[in-house]
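Listed below are the residues making up each chain.
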Amino acid sequence: MSADDLLNRETLPRLAPGLRPAVDPAELRTRVVHFGLGAFHRAHQAVYTEHAAARSGEPWGIIAVAPRSAGTVHALRNQDCLYSLTERRPDGHRTRVVGSVVGALAMGPDAKAVDALFADPEVTVVTLTVTEKGYHRSPATGGLDTTAAPVAADLTAAPGGPLTTVVGRLAAGLAARIRAGAPPVNIVSCDNMADNGAALARVVHDFVRASAWPDRAEILDRMAGAVAFPATVVDRIVPATGEADRAAAVAALGVRDALAVTSEPYRQWVLEDSFIAPRPPWELDGALFVPDVAPYQLTKLRLLNGSHSALAHLGTAAGLTTIAETMAADWGERLVRALCAEVSPTLPAGGPDPVAYADALVVRFRNPAMHHLLRQIGSDASLKITERWLPALRELRARGTSTPVLELALAAWAHGTRRAGAPDASPGPDAPSDPAADALASCWRPAGRPLGTVRALLRLLGAMDLAEDDALTTAVADRLPALDAGRVEI
Ligand code: CS2
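## What to know about the side chain of Asp257
And then number 1: As for its position among the elements, Asp257 is in the loop between α9 (243-253) and β10 (261-263).
And then number 2: Look at Asp257: it is buried, it has no salt bridge, and the nearest opposite charge is Arg42 at 6.5 Å.
And then number 3: In this structure the side chain of Asp257 is engaged in a polar contact, spanning 2.9 Å, whose partner is the backbone nitrogen of Leu259.
And then number 4: Not counting residues within four places of it along the chain, the set of residues in contact with Asp257 comprises Leu7, Gln79, Leu82, Tyr83, Ser84 and Arg246.

Put into structure tokens, the structure is as follows:
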């Protein structure tokens, strides 16, 4: 065996036993369909499913569907869907191959095969990691934005015609499953949104309602008893894989792995106990099933993701590149603790203790073995900060509580929207990306009116109320000059 060989089922038996998967992929059956083939799924749900199968002896295998990236599908197939996961600890790392993915499909080109999966009675779980933008929610209503070009195109697609949105794909697949009388199915959102189950149910229902299907009313009616949308909280820090990570995987495995992923050692999955159909016994691998995930979800979104985004935007303004670098700066740890303290009064009872949670965050973010780019976290911010910062900001301001840390974070984000899109300062290759980048940049015209810009930016996020809050917008605008000079003042 040499480093020229590729990881696949043929080379797998030659790997040291400790590197091999917990299951024999040949013994698994397709019972879970996952949309979104990214590193996060491979380092999180795929691991829980692998352990659930290994510990229960039940053959839960995953077919992963890539909404867009046919390249990843090709690469996975080349490796018989095997890939390695390297857990990076401050004191070293541990690599092993994950074996729960048994097939990979590209949503467009493999539409027929995806249809067949929805009709398959053995498939009782569909999971999703498609990021906030995959839901096409209207910032104003939270419902499906039927005016978004890809959604509008899917709504008018001929029956059986190509669909490009995951929401449209799910709605069509579920409708076909219901028409065929196949058994109930669980649709599990694993994206970082409050009440993600209900958010997904809403856009799928909205799609059916807006469709031209003659039986749409009946489908909506029957969906209630045939489809569950449990809410879930997923947690694991998974930086995008870089060249150094791939090289480390070759060194550990002795074979090439184009799909290597790396993560922190920590992982957590909390799920609403409202499944309607068989599912992998993820609890055998530590997943928590609870009646209400909200306390966990809001703690995770507002403290972890909230401080992640704040570090990303402030760190970018200060010219830094990674989370570990922000934590090495004199303001990093203070920022995390101050943001957690500011926001924690908005968290419902019943979740983790916020002070212990902040302590744990500091340790996780400090992990020097992780190379987590601020660019990755700062991207799509117009969709992320509406989940991570604005609801807490709103609640605190309604109570008359001061919000200096969230104001600073908002100022850093606003600062970056100018840099990211202004015609006179075109974004560098390392600038975070955002689907709304052009609209955000246009809020900076005419130049020289930061207060008006801050208001316009908030309006663009659908936060009309916050845009009208003069004390808030003034405080945010007042923070801009220091950030323009690369200073983080906390
Ligand atoms: C991060 C998350 O990229 C981001 O926006 O905040 O991916 C974060 O690493 C995970 O949610 C941690 O569970």
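## Quick notes on the packing of aromatic side chains
And then number 1: Taken as a whole and assessed by the stated rule, the structure comprises six aromatic pairs.
And then number 2: Their ring planes at 65 degrees and their centres at 5.4 Å tell us that Tyr48 and Trp269 sit as a pair that is edge-to-face. Placement of the pair is Tyr48 in helix α2 (residues 45-56) and Trp269 in strand β11 (residues 268-272), with a sequence separation of 221 residues. Judged on exposure class, the residue Tyr48 and its partner Trp269 are both buried.
And then number 3: Note on Phe275 and Trp282: the rings are 6.2 Å apart at their centroids and 70 degrees apart in plane angle, and the pair reads as edge-to-face.

## Concerning the site of the ligand
And then number 1: Around the ligand, a shell composed of 13 residues is seen, among which Asp235, Lys300, His308, Lys384 and Arg388 lie nearest.
And then number 2: Within the contact set of the ligand, an oxygen atom lies 2.9 Å away from a side-chain nitrogen or oxygen of Arg388.
And then number 3: Looking at the shell around the ligand, the elements with two or more residues in it are β9 (232-235), α10 (294-317) and α15 (381-388).
And then number 4: Per-element tally for the shell around the ligand: the top contributor is α10, with four residues.
And then number 5: In the shell around the ligand, the residues fall into four nonpolar, four polar and five charged.

## Description of the domain arrangement of the protein chain
And then number 1: Here the domain parsing of the protein chain yields domain 1 (12-290) and domain 2 (294-484).
And then number 2: Averaged C-alpha coordinates put domain 1 and domain 2 at centres separated by 28 Å.
And then number 3: Listed per partner, the contact involves 29 residues of domain 1 and 26 residues of domain 2.
And then number 4: Buried surface at the junction of domain 1 and domain 2, summed over both partners, amounts to about 2,100 Å²; 58% is from carbon and sulfur atoms.
And then number 5: At the junction of domain 1 with domain 2, the criterion picks out 12 residue pairs in polar contact (both at pLDDT 80 or more).
And then number 6: When contributions to the side of domain 1 that touches domain 2 are tallied by element, the ones reaching two or more residues are β3 (83-89), β9 and β12 (288-290).

Parameters at a glance
- Counting of residues starts from 1 at the beginning of each chain's written sequence and follows it residue by residue.
- Restriction of local features to residues with pLDDT of at least 70 applies here, the model being predicted, together with a cutoff of 80 or more for giving and counting side-chain atom pairs; totals for whole chains, interfaces and linings are based on all residues.
- Heavy atoms from the whole structure form the basis of all side-chain values; hydrogens and water molecules are not counted.
- Only runs of H or I of at least four residues qualify as helices and only runs of E of at least two qualify as strands under DSSP, and these elements are numbered from the N terminus.
- Accessible area is worked out with a 1.4 Å probe on protein chains only. A residue is then buried under 20% of its type maximum, exposed over 50%, and partly exposed in between.
- Charged residues are defined narrowly, with Lys and Arg counted positive, Asp and Glu counted negative, and His plus the chain ends left uncounted.
- By convention in these notes, a salt bridge is any Lys or Arg side-chain nitrogen within 4 Å of a carboxyl oxygen on Asp or Glu.
- Here a polar contact is recorded for every N or O atom pair within 3.5 Å, except that within protein the pair must consist of a potential hydrogen donor and a potential acceptor, and residues adjacent in sequence are included only if both atoms are side-chain atoms.
- The contact criterion used throughout is that any non-hydrogen atoms of two residues lie within 4.5 Å.
- Only centres within 6.5 Å qualify two rings of Phe, Tyr or Trp (six-membered ring in Trp) as a pair; their planes then separate them into stacked at under 30 degrees, edge-to-face at over 60, and tilted for everything else.
- Nearness is defined per residue: one heavy atom within 4 Å of the molecule or strand is enough.
- Amino acid classes used here: Ala, Val, Leu, Ile, Met, Phe, Trp, Tyr, Cys and Pro are nonpolar; Asp, Glu, Lys and Arg are charged; the rest, including Gly, are polar.
- Segmentation into domains, and thus their bounds, comes from an automatic or database assignment.
- Two parts placed together each lose some accessible area under a 1.4 Å probe, and adding up what both lose gives the buried area.

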